Structure formats: structure tokens, C-alpha cells
Amino acid sequence: MSYAGPAEHPSPDSVLEILGMTGIVDPEEMEWSVVTPESRHSIWRLALPERSGNAASYVVKSYHEQADEYFDHRFRREERVLDLLGRYAPGLAPRAYGGRIIAGHSACLILEDLGDRPLHHDLYRSAVERRRLLGRSVDLLARFHRVVDEYSGIFRAVCRSSVLDRVNAATLLRRFDIAVGRLGGEGGRAPGTVRAAFRKEVIRPLLQAPGRVIHNSFSPLNICTVADGSQRIVDMETVSIGPAELDLAELMIYPGGDVGLQAELTEQYLGEMGIDGELPGGTQGLNLAAVTRALDYAGTLATRRQRFAQAGLADLGLAQERRCGEYLRAARDGARAAGVSAGLNEYIDDLLAATGGSA
Ligand SMILES: Nc1ncnc2c1ncn2[C@@H]1O[C@H](COP(=O)(O)OP(=O)(O)O)[C@@H](O)[C@H]1O
Ligand SMILES: [Mg+2]
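Remember, it's a predicted structure, so these values are computed and weren't measured experimentally.

Draft legend 1. A look at the coordination of the magnesium ion (ligand 2). Taken together, the protein donors to the magnesium ion (ligand 2) comprise Asn222 (OD1) and Asp235 (OD), at separations of 2.1 Å. Taken as a pair, Asn222 in the loop between strand 6 (212-214) and strand 7 (223-225) and Asp235 in the loop between strand 8 (231-233) and strand 9 (240-242) lie far apart in primary sequence, 13 residues in all.

Below, the structure written as C-alpha cells:
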């Protein structure tokens with residue numbers, strides 16, 4: 001069987017087989033378009049002729065060994081989580097119609113097409129609109145956290161069966177190092193004292209909060225608005241066990257937020273989770289989670305800025321640079337609110353200054 005590389009969509013024959021449409025739809029009639037060029041996977045929209053009697057379009061997420069040596073782990077976790085959510089909380093995430101792994105090469109997963117409205121596109125219309133939309137996302141997150149609590153045994157088993165994205169001290173410190181390397185801190189690595197402070201003052205207290213099943217990538221990039229205005233969560237490949245605050249912080253630090261909104265959304269989350277009191281890791285947990293996540297994103301955006309600049313796409317490069325600065329400001333604000341030591345605060349200020357932002 002000829003099977004294409006990352007730039008290509010999966011084999012039409014195998015997709016038709018998974019959908020049970022072999023002999024019903026001619027591969028020539030399948031129309032493929034790219035959903036987003038930014039993914040390390042390839043994400044395709046597949047349109048089928050109406051007469052096939054099924055949904056007219058699907059999203060096909062294709063994981064490639066070339067881009068990610070753990071592609072099969074990601075595929076498996078995403079497929080299993082979507083399958084469980086489809087049973088226990090229909091309407092929370094896209095339906096998964098099936099998938100397949102080709103050993104040592106790639107995997108593909110066929111999903112319900114949620115349309116073309118990722119939440120982040122809608123967040124800059126007005127402050128009122130942003131508040132309304134993020135309120136819905138908190139509702140979505142609380143529903144997700146409640147269902148994974150209710151069926152905690154099986155969701156935890158799925159997380160444990162994957163070697164990836166463990167939320168532990170070693171991983172969080174490695175992510176800090178990667179972010180700093182991407183942000184071009186001195187020599188690409190933080191001084192030993194700063195790393196030690198990050199471990200002691202950010203990672204360790206953050207991990208004292210109870211571990212629970214989390215989405216672990218709960219950003220507006222991974223939320224889609226569907227035709228009736230409700231939202232769905234996508235991208236289950238990083239689901240893991242960690243503090244709840246990581247999910248909530250990730251949503252709240254998306255560039256453009258304001259501090260008052262964070263308190264309001266936290267209250268909403270607590271109410272919907274039936275928690276009387278404060279977050280499991282306290283407000284401190286939320287601040288610390290914001291620091292780690294904001295640095296991660298800043299690092300990712302710094303890399304992307306460089307890639308766009310090298311490709312001669314100056315405008316896109318500048319947009320990434322601006323967002324990178326906003327994430328660094330979120331990291332700085334989180335660190336200040338958490339009361340971390342001067343050395344760590346200053347280091348984050350320096351990273352911000354180095355990217356052209358003002359401390
Ligand atoms: N089922 C879907 N329907 C519509 N759009 C989707 C669907 N799944 C993913 N997308 C879009 O593709 C983007 C990338 O998919 P995602 O699963 O998040 O991959 P990645 O792991 O690269 O982040 C999402 O941010 C979303 O905009
Ligand atoms: Mg994603």
C-alpha cells in the first residue's frame with residue numbers, strides 16, 4: 001500500500017475502510033483540505049459526496065513517526081479518551097469514528113467535523129464577548145473534570161498506559177529548560193540557582209496539589225465552537241494526571257485576559273465542581289500553574305516567530321513575538337502573585353526584556 005508522508009493525507013482506501021464505505025465512495029470523489037498548517041500532525045478535512053448517506057465531512061488527524069517518535073502513544077491515548085467520552089459524556093468532544101496504526105510509520109483518527117471556529121478566533125471581539133465565551137469554556141472544563149472523576153479508574157488507567165506527558169518534577173523542569181532554551185536565555189540555559197528556585201518555589205508546591213485526570217492542554221486553541229454556539233474540547237493526546245489548576249490556568253493565561261476575569265472564572269469553576277472553599281491547590285496553585293504554562297507557550301511562540309522570520313513572513317513573525325511577550329508577562333504576573341524569590345522574578349523579567357517586552 002502506498003502511504004504518504006506528513007505532507008500528505010492518509011490513504012483514501014484505509015479511511016474508507018474505517019468508515020465502512022469501501023465500494024460506496026470512490027476514492028477519486030474524496031476531497032481533502034488542510035485544517036491547520038500549524039500542527040506537527042497533519043490535520044485534514046475530508047469532504048465526501050452527499051449521496052454516501054453519511055456525514056458529509058470528517059476531520060482526519062494523522063500522526064506521523066517522522067514528526068513524533070511517540071506518535072502511536074498519542075494516537076492511542078486520544079482514541080481511547082474520545083471513545084470513553086463518547087460513551088459517558090456525548091457532546092463534550094468530537095465523536096471518533098475509528099482509526100488505525102501503521103506500525104513504525106503513522107496513525108490516523110477519523111473525527112466528527114466540528115466546523116471551522118476554534119475558540120481563539122473569537123476572543124478578541126470585545127471584553128464582554130470574551131467573558132461570555134470563557135465562561136462557557138469553564139463550564140466545558142468543569143464538565144470534563146466531573147466526567148473523568150466519575151469514571152476515574154478507567155481514565156487514570158489510560159493516562160498511566162502512556163509514557164508521555166507525565167506531570168512530574170522531572171518533566172516540568174525539562175519543559176522549563178526547553179522554554180528557556182527557545183527564549184534564548186543566557187547560553188540557552190538558566191543558571192543553576194534559577195533552576196533550583198524554579199524547582200523549589202514553582203514545581204514542588206504546584207505538585208503538592210492532588211493529582212487528578214486533566215486535559216493538560218486546555219487552551220482556546222483546543223476548543224471549538226459548533227453551529228449552535230456550544231463548545232467542544234479537542235486534542236486529547238496529552239490527557240494526563242496532574243493538578244486541576246494546570247487546566248484552569250492554561251485557559252486563563254491566553255493572551256488578552258484580565259485579572260478580574262480570572263477570579264470570576266475561578267469562582268464559576270468552584271461552583272460547578274461543587275467545591276466549597278478554594279481550588280485544590282489554592283490560589284497559589286493557580287499562580288504557579290500559570291507560570292509554568294505561560295513559559296511553555298512563550299517558548300513555543302519564540303520558536304514559531306523564528307520559523308516565520310526565516311521564511312520571510314515578517315508580519316506573522318511579529319504577531320508571534322507579540323503573543324510571546326504577552327505570555328511572558330503572564331509568567332511574570334503569576335510569579336509575582338505567587339511571591340517567588342527575587343532571583344527568579346528577575347530572570348523572568350530578563351527573558352521578557354530580551355524579547356522586546358518591557359518588564
Ligand atoms: N474534530 C475537529 N473538527 C474541527 N476542527 C478540528 C477538529 N479537530 C481538530 N480541529 C482543529 O485542528 C486544530 C489542531 O488539532 P489538534 O487535535 O488540536 O492537534 P494538535 O495536537 O496539533 O494541537 C485544532 O486546534 C482545531 O482548530
Ligand atoms: Mg491542539
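Draft legend 2. Structural view of the site of ligand 1. The environment of ligand 1 is formed by 20 residues, the closest being Ser39, Lys61, Glu112, Leu221 and Asp235. Contact distances for ligand 1 include 2.7 Å between an oxygen atom and a side-chain N or O atom of Lys61. The contact in question runs from an oxygen atom of ligand 1 to an N or O atom on the side chain of Asn222, over 2.9 Å. Considering ligand 1 on its own, with 540 Å² of exposed area, one finds that the protein chains cover 87% of that surface.

Draft legend 3. Just the pairing of strand 3 (residues 57-64), in detail. Most of strand 3 sits out of view: seven of its eight residues are buried. Sheet topology places strand 2 (residues 42-47) next to strand 3; six bridges connect them, and they run antiparallel. Across the sheet, residue Ile43 finds its bridge partner in strand 3, namely Lys61. Pairing of strand 3 with strand 5 (residues 106-112) involves seven bridges; the strand directions are antiparallel.

Draft legend 4. Structural view of the pairing of strand 5. Burial analysis of strand 5 places six of its seven residues in the buried class, which makes it a mostly covered element. In terms of strand pairing, strand 4 (residues 96-102) meets strand 5 through six bridges, oriented antiparallel. The partner of Ile102 across the bridge, within strand 5, is Ser106. Linking two consecutive strands that pair antiparallel, namely strand 4 and strand 5, is a turn of three residues; a positive phi of about 70° is found at Gly104 within it.

Criteria and thresholds
Residues numbered from 1 in each chain as written. Chains lettered and ligands numbered in written order. Predicted model: local features only at pLDDT ≥ 70, side-chain atom pairs only at ≥ 80, totals over all residues. Heavy atoms only, no water. Donors = N, O, S within 2.8 Å, 3.2 Å for Na, K, Ca; no water. Helix = DSSP H or I, 4+ residues; strand = E, 2+ residues; numbered from the N terminus. Near = heavy atom within 4 Å. Polar contact = N/O pair within 3.5 Å; in protein donor to acceptor, adjacent residues only side chain to side chain. Areas by Shrake-Rupley, 256 points an atom, 1.4 Å probe, with all protein chains shown as cover. Buried < 20%, exposed > 50% of the residue type's maximum accessible area, 1.4 Å probe, protein only. Pairing = 2+ DSSP bridges.

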